[in-house]
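Observations on the three-dimensional arrangement
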Amino acid sequence: MEEVWAQIISFGALLWIVISYFASKKNYLLFQAFGMVCLMLSYLLKNNYFAMVGIGLGLLRALIFYIYELKGKEASIALSFIFAILVVASYFIVNIGIQKIGKYQDILYVVSLVFYAFTFRLRDKKILLYTTLIPTSLAFIYNLICYSTLFVVLTYAFELFANVVAIFKFYYDKNKKIITKGKHKTAR
């Protein structure tokens, strides 16, 4: 029965994440947060405790960075290091300390979460687009290896697809502006 609930809740995660990409910038984080909570619950039901804690830390990090952004300030690099340390520490606490088993596949997710801790403080859109490909790809692979629910895997597949589309859109818009500027110059 837990598997059924994990599938239903992870479907909710997929819906919230997809909706977030079509929401206003103001509501984006809210919908992402709902999706992350659903992911946490899905991981809990699948007994994937480290992933649940990791997503919880990611949600906390996103909220703190968002508060800085609302105030017009940039989050300190020290915060990224703190969250990276918390992720690594939570791996050891959850897997070694509590479960008494080292899950090597979780290291993939550790690397993914550490990457996320640093990439989301970037303000250069081009660099952000490329750097988020790495942790999203790692999270996708991790969820395949760990037999996460279908909708968790699809959520990360959607995130990866959206990232690739954003890269193409970024370059298309950039090249379109260059071409448009060039036409205006020749018309004068």
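Please refer to the structure placed before this passage.
This write-up is about the structure you can find in this document. What you see is a predicted model, and the numbers here were worked out from it, not measured in a lab. (Residues numbered from 1 in each chain as written. Predicted model: local features only at pLDDT ≥ 70, side-chain atom pairs only at ≥ 80, totals over all residues. Heavy atoms only, no water.)

A word on the overall build of the protein. Helix and strand counts for the protein stand at eight helices and zero strands. Along the protein, from the amino end to the carboxyl end, the secondary structure elements read α-α-α-α-α-α-α-α. The principal-axis extents of the C-alpha atoms in the protein amount to approximately 75 × 35 × 30 Å. Expressed as a percentage of its 188 residues, the buried residues of the protein come to 37%. The long-range fraction of contacts in the protein, counting pairs at least 24 apart against all pairs at least 6 apart in sequence, stands at 65%. For the protein, the accessible area works out to roughly 11,100 Å², and carbon and sulfur atoms hold 74% of it. On the protein, the mean spot of the 20 positive side-chain charges and the mean spot of the 8 negative ones are 13 Å from each other. (Helix = DSSP H or I, 4+ residues; strand = E, 2+ residues; numbered from the N terminus. Buried < 20%, exposed > 50% of the residue type's maximum accessible area, 1.4 Å probe, protein only. Contact = heavy atoms within 4.5 Å. Areas by Shrake-Rupley, 256 points an atom, 1.4 Å probe, with all protein chains shown as cover. Lys, Arg positive; Asp, Glu negative; His and termini not counted. Charge placed at Lys NZ, Arg CZ, Asp CG, Glu CD.)

This paragraph deals with a nonpolar patch on the surface. On the surface, Tyr104, Ile107, Val111, Phe115 and Ile134 cluster together into a nonpolar patch covering about 470 Å² of accessible area. Residue placement: Phe115 occurs in helix H5 (residues 105-119). (Patch = residues over 30% accessible without salt bridge, like charges linked within 9 Å, V, L, I, M, F, W, Y side chains within 5 Å. Salt bridge = Lys/Arg side-chain N within 4 Å of Asp/Glu carboxyl O.)

We now examine the packing of helix H3 (residues 49-70) against H5. Between H3 and H5, whose axes approach to 11 Å, the crossing angle comes to 0°. Looking at the two axes, H3 sits roughly parallel to H5. Seen from H3, the contacting residues are Phe50, Ala51, Gly54, Ile55, Arg61 and Phe65; seen from H5, they are Asp106, Tyr109, Val110, Leu113, Tyr116 and Ala117. Within the contact of H3 with H5, the residues separate by chemical class into nine nonpolar, one polar and two charged. (Axes fitted to C-alpha atoms, helices over the stretch in contact; angles between N-to-C directions. Parallel < 35°, antiparallel > 145°, perpendicular 65-115°, else oblique. Nonpolar A, V, L, I, M, F, W, Y, C, P; charged D, E, K, R; others polar.)

What the rule picks out here adds up to 13 aromatic pairs. A centroid spacing of 6.4 Å and a plane angle of 65° characterise the contact between Tyr43 and Tyr109, whose relative ring orientation is edge-to-face. Note that Tyr43 is positioned in helix H2 (residues 25-45) and Tyr109 in helix H5, a separation of 66 residues in sequence. According to the relative accessible area criterion, Tyr43 is buried, its value standing at 1%. (Phe/Tyr/Trp six-rings, centres within 6.5 Å; stacked < 30°, edge-to-face > 60°.)

All right, on to the nonpolar core then. Formed by 25 residues in total, the largest nonpolar core has its most connected members in Leu39, Tyr43, Phe50, Ile55, Tyr109 and Tyr156. Mapped by element, the contributors of at least two residues to this core are helix H1 (2-22), H2, H3, helix H4 (77-98), H5, helix H7 (133-145) and helix H8 (150-187). If one sorts the elements of this core by residue count, H3 sits on top with six residues. Grouped together as the second largest cluster of nonpolar side chains are five residues, Phe65, Ala75, Leu79 and Phe83 included. (Core = buried A, V, L, I, M, F, W, Y, C linked by side-chain atoms within 4.5 Å.)

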